[in-house]
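Topology and contacts: notes
Next come the chains, spelled out residue by residue.
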Amino acid sequence: MEVRRAKTAGFCFGVSLALEKLDAEVEKHDAKIATLGPIIHNPQVLERYEKQNVRCLKNAEEADANERVVIRAHGIPRETETTLTKACKDVVDATCPKVKRAQLGIHSMISKGCFLLLYGEKDHPEVRGLMSYAGDRAFLFNSLEELKNFPLSADIDYCLAAQTTQDREEFARIDEYLQTQLAERLQVLNTICNATRERQQEAIAIAQEVDAMVVVGGYNSGNTRRLADVSRAQGCLTFHVEKSEELSASDFKGMKVVGLTAGASTPRSVIDATEEFLTKL
Ligand code: F3S
């Protein structure tokens, strides 16, 4: 069977960088290593680190004084960073540079007196981090409709920003709406990352040309689930799996071409194994 593999499948720049930092810490062998929360949403990678004695902390208070703690790509809230710095031996900041830039951009706008309007998912770790840079001067919303119900004040300046993985088109609609309401009282931070969009666009293009699509990645990885959703939205039969062993030859009976993509936290070895399985059919 022919396999059309997406060029963008797999780790994004921020995830690669975070894993490189963690690997470098593990290789030093001079302290116990932990991560605050799972370093990425991929069970195979997490299992490997567990075997290398990397502890996954549930919260900053769990950190040990002998431990070096790695902050994952999503970033963490400011107050958590303060707790962590006091609790552990050393903090290694593996926050994705794009997330860091969003955090600092928000911080700078708040210091100038702006009120933050953040387009993002409630309870997402990155969003919790971003919100912490605004203190209580922030409103979090997940859709234009939700924002429209928020009473905007007539005499303060606002700053619009988004979680890095949000939809760019919806962000543009939100910006347009706010321009009509606030005009020069609105500052816009362009914080959306292209990695998600590029993956989704390629998945859509491939889904339109194949008999079925395979999306590989953690079930709890939001960006992987969204890739499966955009593929299904094209009317394409889509399988979301964490590893090739979950697929069965009978699923692809009579098919000639199948698409393959993967979330931003899926290791190359898992994508390669899936491609090999499909090619052999
Ligand atoms: Fe960073 Fe974008 Fe990945 S913000 S973690 S490069 S999806």
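Residues numbered from 1 in each chain as written. Predicted model: local features only at pLDDT ≥ 70, side-chain atom pairs only at ≥ 80, totals over all residues. Heavy atoms only, no water.

Regarding the UniProt feature "binding site: dimethylallyl diphosphate" (unreviewed entry) in the protein chain
UniProt marks His-41, His-74, His-124, Ser-221, Asn-223 and Ser-265 with the feature "binding site: dimethylallyl diphosphate" (unreviewed entry), using the numbering shown here. When the annotated set is filtered for residues lining the largest pocket, what remains is His-41, His-74, His-124, Ser-221, Asn-223 and Ser-265. Its location among the elements puts His-74 in the loop between β4 (67–71) and α3 (78–87). Excluding anything up to four places from it in sequence, His-74 contacts His-41, Val-99, His-124, Pro-125 and Glu-126. (UniProt positions renumbered as here; feature names shortened; annotations may be inferred. 1 Å grid on protein atoms, 1.4 Å probe; cavity = no way out; pocket = protein on both sides within 12 Å on 5 of 7 lines; lining within 4 Å. Helix = DSSP H or I, 4+ residues; strand = E, 2+ residues; numbered from the N terminus. Contact = heavy atoms within 4.5 Å.)

Focus: unusual backbone geometry
Its identity as a non-glycine residue notwithstanding, Asn-53 has a phi of 65 degrees, on the positive side. By secondary structure assignment, the location of Asn-53 is in the loop between α2 (43–51) and β3 (55–57). Of the residues examined, Asn-53 reaches a relative accessible area of 65% and is grouped as exposed. One non-glycine residue, Asp-123, lies in the positive phi region at around 70 degrees. According to the relative accessible area criterion, Asp-123 is exposed, its value standing at 54%. (Buried < 20%, exposed > 50% of the residue type's maximum accessible area, 1.4 Å probe, protein only.)

Considerations on helix α5 (residues 125–132)
Counting buried positions over the eight residues of α5 gives seven, a clear majority of the element. Those residues of α5 that sit buried are Pro-125, Glu-126, Val-127, Gly-129, Leu-130, Met-131 and Ser-132. In this structure, the buried side of α5 is in contact with α3, α4 (97–111), β6 (115–119), β7 (138–141) and β8 (158–162).

Describing the sheet that holds strand β9 (residues 186–188)
The strand order across the open sheet built from four strands is β7-β6-β8-β9, with neighbouring strands paired in parallel fashion. In this open sheet, the two strands that pair with only one neighbour each are β7 and β9. Each neighbouring strand pair of the sheet contributes to a mean axis angle of 20 degrees, computed without reference to strand direction. Pairing analysis gives four bridges linking β6 to β7, with the strands arranged parallel. Paired with Leu-116 across the bridge in β7 is Ala-138. Those strands touched by α4 are β6, β8 and β9, and its axis lies near 150 degrees from that of β6. Across the sheet, α5 touches β6, β7 and β8, and the angle it forms with β6 is around 170 degrees. (Pairing = 2+ DSSP bridges. Axes fitted to C-alpha atoms, helices over the stretch in contact; angles between N-to-C directions.)

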